[in-house]
Amino acid sequence: MTATHSPRFEELIPAYALGALDGDDLRELEEHLETGCAECRRQLDLWQGDLEELAASVTPVAPSAQTRERILRVAGSSPRRWAPPGWLLLPVAALLLLAVWGVAGQVRLRGQVERLAAERDRLEQRVASLDQQVRRTSEALRVIASPGVQSVVLAGLGPTPGAAGQTYVNPRDGSALFYAFDLPALAPDKTYQLWIIHAGKPVSAGVFEVDQRGHATLRVEALGEIAETDVWAVTVEPRGGVPQPTGEMVLKG
Amino acid sequence: MELRDAQEAGLMGRIAAGDGEAFARVFEVHSAVVLGLLFRMLGRRSEAEEVLQEVFLQVWTQADRYDSTRSTPRGWLLMLARSRALDRIRWREARRRREEEAAVSGAHLELVPPLGTERLESAERRDQVSSALGLLSPEQRRCIELAFFEGLTHTQIAERLEAPLGTVKSRILLGMNKLRQALSSAS
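Procedures and definitions
- Residues numbered from 1 in each chain as written.
- Chains lettered and ligands numbered in written order.
- Predicted model: local features only at pLDDT ≥ 70, side-chain atom pairs only at ≥ 80, totals over all residues.
- Heavy atoms only, no water.
- Helix = DSSP H or I, 4+ residues; strand = E, 2+ residues; numbered from the N terminus.
- Expected span 1.5 Å × (residues − 1).
- Buried < 20%, exposed > 50% of the residue type's maximum accessible area, 1.4 Å probe, protein only.
- Arc of directions from axis to C-beta.
- Core = buried A, V, L, I, M, F, W, Y, C linked by side-chain atoms within 4.5 Å.
- Contact = heavy atoms within 4.5 Å.
- Pairing = 2+ DSSP bridges.
- Axes fitted to C-alpha atoms, helices over the stretch in contact; angles between N-to-C directions.

A. Broad picture of helix α4 (residues 65-76) of chain A. Residues and elements named next belong to chain A. Taking 1.5 Å of rise per residue, the twelve residues of α4 would be expected to cover 16 Å, and the 16 Å separating its terminal C-alpha atoms lies within 8% of that figure. Within α4 the residues assigned to the buried category are Thr 67, Ile 71 and Ala 75. Here the buried residues of α4 occupy an arc of 75° about the axis, which is enough to place them on one side. Residues of α4 that are exposed and angled more than 90 degrees away from the buried face: Ala 65 and Gly 76.

See below:
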């Protein structure tokens, strides 16, 4: 039981304070002291106070003038207030400057690298966006600039009178480009569907969503035979589209 | 803690803050007794002065470690000095130590002249401790001195004195208790 204070420890403490304890006695007391016994700690301090008297009972000896000077010089020009010799100042200053410059340079370079990386990411996105625009514009130009291209304007109907549409049809290959403007966004389970009504029969030309501005572009391929008299229409249909129009018509032209 | 101890504890705080005047003051007050202890333990003046420098360098650089709740500044200095001296003793060869002991007997000790009441009080206290030690049996006193000034343990003292271990232990315990009684009745 090393944790409980006992007279046994009190007997060991004087010799411990003296530094004479060894072997099992020392181990036993040290284990006990590690438990933080306040009484033993107090007694140890008392014994050390007595030993201070024993230590101080020696005959005093005055330090030599040399020792005295050396010791007092420690405090007079201590490491905390150490002044380097003049010849050392310049190289030390140069080294310090180099070190500061080096660290500052690294910090500055790291900042630049981070800024350049961010700029590179931004430009990559910009390039991708421009690529997409160029591709769309090229496709549009290919359709619009084709010889014999036909343009049909679609007007807004009942619920969306402000909306409009435009189709460019290339009668040679049956491809077409459709643009929608100012159509309202739909519920998630709905979609816009483009139709071409040829000889009285509606044929699906695809489904599309509008962006935040209500705009949309739809590329239509291989529609087959398209006549100038064909009617273009947009209806609201269940998401995914339907084979035959079932919903309300919002554009027609 | 007495008023003077409290004032000196304040000096330790100033030393920790880099106050050279406070350091000089502590040196003036305690260097002689610290060197006396080192000389008593190491037996050679030059070595004792070397260790004195080490001790005061430690005071200058580590005064923040001084704990006024555990000891007086003098007690701390003496324990630092004793610890350093014991390190030296432990690493010293027995033959070399015998040579140095011979040097001690031939050395001229420069006794510090008593200056002012401080020194007189120290001298009085020293006499009291000497008287207290005088109350111990020569065997008890020898055992305590071997442990304290030479750093020997129970077992080493028993070997040195060729005495039973139990006897050494009880001499030290009885001697320490007698020392305390004498010191407390003296103060």
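B. Expanded view of the nonpolar core. Residues Ile 15, Val 34, Leu 37, Val 59 and Ile 172 of chain B are the most contacted members of the largest nonpolar core, which totals 75 residues. Counting residues per element, this core draws most heavily on helix α2 (residues 20-42) of chain B, at twelve residues. For Leu 37 of chain B, the residues in contact, after removing those within four places along its chain, are Ala 55 and Val 58 of chain A together with Leu 78, Ala 81, Arg 82, Phe 148 and Phe 149 of chain B. By size, the runner-up hydrophobic cluster in this structure holds 22 residues, among which are Ala 176, Val 220, Val 250 and Leu 251 of chain A.

C. Looking closely at the sheet that holds strand β5 (residues 201-208) of chain A. Residue and element names in this part refer to chain A. Sheet architecture is open: eight strands sit in the order β5-β4-β7-β8-β1-β2-β3-β6, paired in antiparallel fashion. Edge positions in the sheet fall to β5 and β6 (216-220), since each has one partner strand and no second. Across the sheet, the mean angle separating the axes of adjacent strands is 25° when strand polarity is ignored. Where strand β3 (residues 175-181) meets β6, five bridges bridge the pair, whose relative direction is antiparallel. Residue pairing across strands places Tyr 179 opposite Thr 217, the latter belonging to β6.

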